[in-house]
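Listed below, chain by chain, are the residues.
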Amino acid sequence: MSNQHGHKRVVTGLAVLIFLLGVAATVRAADTNQFHLASQFDWGAAKGFFFVVESAPHGDHPASVTDAKLSIGIGDGHAWHFISGGGGFVQGHSYNVAVVIENGHSRIKLNDQTVAEMNCGFAPAAGEMLFNQPSNVMH
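Residues numbered from 1 in each chain as written. Predicted model: local features only at pLDDT ≥ 70, side-chain atom pairs only at ≥ 80, totals over all residues. Heavy atoms only, no water.

### Structural notes on the overall build of the protein
Across its full length, the protein holds one helix and nine strands. For the protein, the succession of helices and strands along the chain, N to C, is β-α-β-β-β-β-β-β-β-β. In the protein, which comprises 139 residues, the share counted as buried stands at 42%. Intrachain contacts of the protein at a sequence separation of at least 6 include 58% that bridge at least 24 residues. Roughly 7200 Å² of accessible area belongs to the protein as shown, and the carbon and sulfur atoms make up 51% of that amount. (Helix = DSSP H or I, 4+ residues; strand = E, 2+ residues; numbered from the N terminus. Buried < 20%, exposed > 50% of the residue type's maximum accessible area, 1.4 Å probe, protein only. Contact = heavy atoms within 4.5 Å. Areas by Shrake-Rupley, 256 points an atom, 1.4 Å probe, with all protein chains shown as cover.)

### Brief notes about the packing of aromatic side chains
If you walk through the whole model with that rule in mind, you get seven aromatic pairs. Seen from their ring centres, Phe41 and Trp80 are 6.1 Å apart, and the 85° between their planes marks the pair as edge-to-face. With Phe41 in strand S2 (residues 33-42) and Trp80 in strand S5 (residues 80-85), the pair connects residues that are 39 residues apart, well separated along the chain. Each ring, one from Trp43 and one from Trp80, has its centre 5.0 Å from the other, and the planes form 20°; the classification is stacked. (Phe/Tyr/Trp six-rings, centres within 6.5 Å; stacked < 30°, edge-to-face > 60°.)

### Concerning the nonpolar core
If you look at the biggest cluster of nonpolar residues, it comprises 23 residues, and the most contacted ones within it are Phe51 and Leu70. For this core, the elements supplying multiple residues, two or more each, are S2, strand S3 (47-55), strand S4 (69-76), strand S6 (94-102), strand S7 (105-110) and strand S8 (113-119). A total of four residues in this core trace back to one element, the largest contributor, which is S6. Residue contacts for Leu70: discarding those within four places in its chain leaves Leu37, Phe51, Val52, Val53, Ile83, Ser84, Gly85, Phe89, Val97, Ile108 and Leu110. (Core = buried A, V, L, I, M, F, W, Y, C linked by side-chain atoms within 4.5 Å.)

### Thoughts on the side chain of Ser39
Looking at the element boundaries, Ser39 is found in strand S2. For Ser39, the side chain forms a polar contact with the side chain of His36, separated by 3.5 Å. Apart from residues lying up to four places away in sequence, Ser39 is in contact with Phe49, Phe50, Glu128, Met129 and Leu130. (Polar contact = N/O pair within 3.5 Å; in protein donor to acceptor, adjacent residues only side chain to side chain.)

### What to know about the pairing of S5
Alignment of S4 against S5, held across six bridges, turns out to be antiparallel. What sits directly across from Gly75, in S5, is Trp80. Where S4 hands over to S5, the hairpin turn is made up of three residues, of which Gly77 adopts a positive phi near 95°. (Pairing = 2+ DSSP bridges.)

### Thoughts on the environment of Cys120
Counting through the fold element by element, Cys120 comes out in the loop between S8 and strand S9 (130-134). When the C-alpha atoms of Cys120 and Trp80 are compared, they prove to be 9.4 Å apart, with 40 residues separating the residues in sequence.

### Observations regarding the side chain of Asp76
One can find Asp76 in strand S4. Summary of buried charges: Asp76 has no salt-bridge partner, and the nearest side chain of opposite charge, Lys47, is 9.9 Å away. One polar contact links Asp76 to His81, side chain to side chain, over a distance of 2.8 Å. Setting aside chain neighbours within four positions, we find Asp76 in contact with Ala46, His81, Gly121, Phe122 and Ala123. (Lys, Arg positive; Asp, Glu negative; His and termini not counted. Salt bridge = Lys/Arg side-chain N within 4 Å of Asp/Glu carboxyl O.)

Here it is in structure tokens:
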């Protein structure tokens, strides 16, 4: 991650998406399945970031691993900005994922390839950075 002064920090993780299979199998059709890979944010102040794997249901079909995507939310101190990319995940495979935020530009990388990017500001949030947490915040 980086702040507005260009100090670069990169959040990377090895995302084994097997956890989605068990959860997605029991998700009701009206629910969105979201899992935070990394997060440090203040939702009300629109500061910080969160990096999630998420999958939404389709009609009467529950959320599934193959429909999952990587998404980031980035707060600039005034509003939240969102991008998503990736997908086509396969049960039992490991994936290398990263988010890079620097100099007003953010991108999601999957297996060293950029799968989504956007320009937006970034306002860091105070507090603890959390990893591998189920979500209770829907955007």
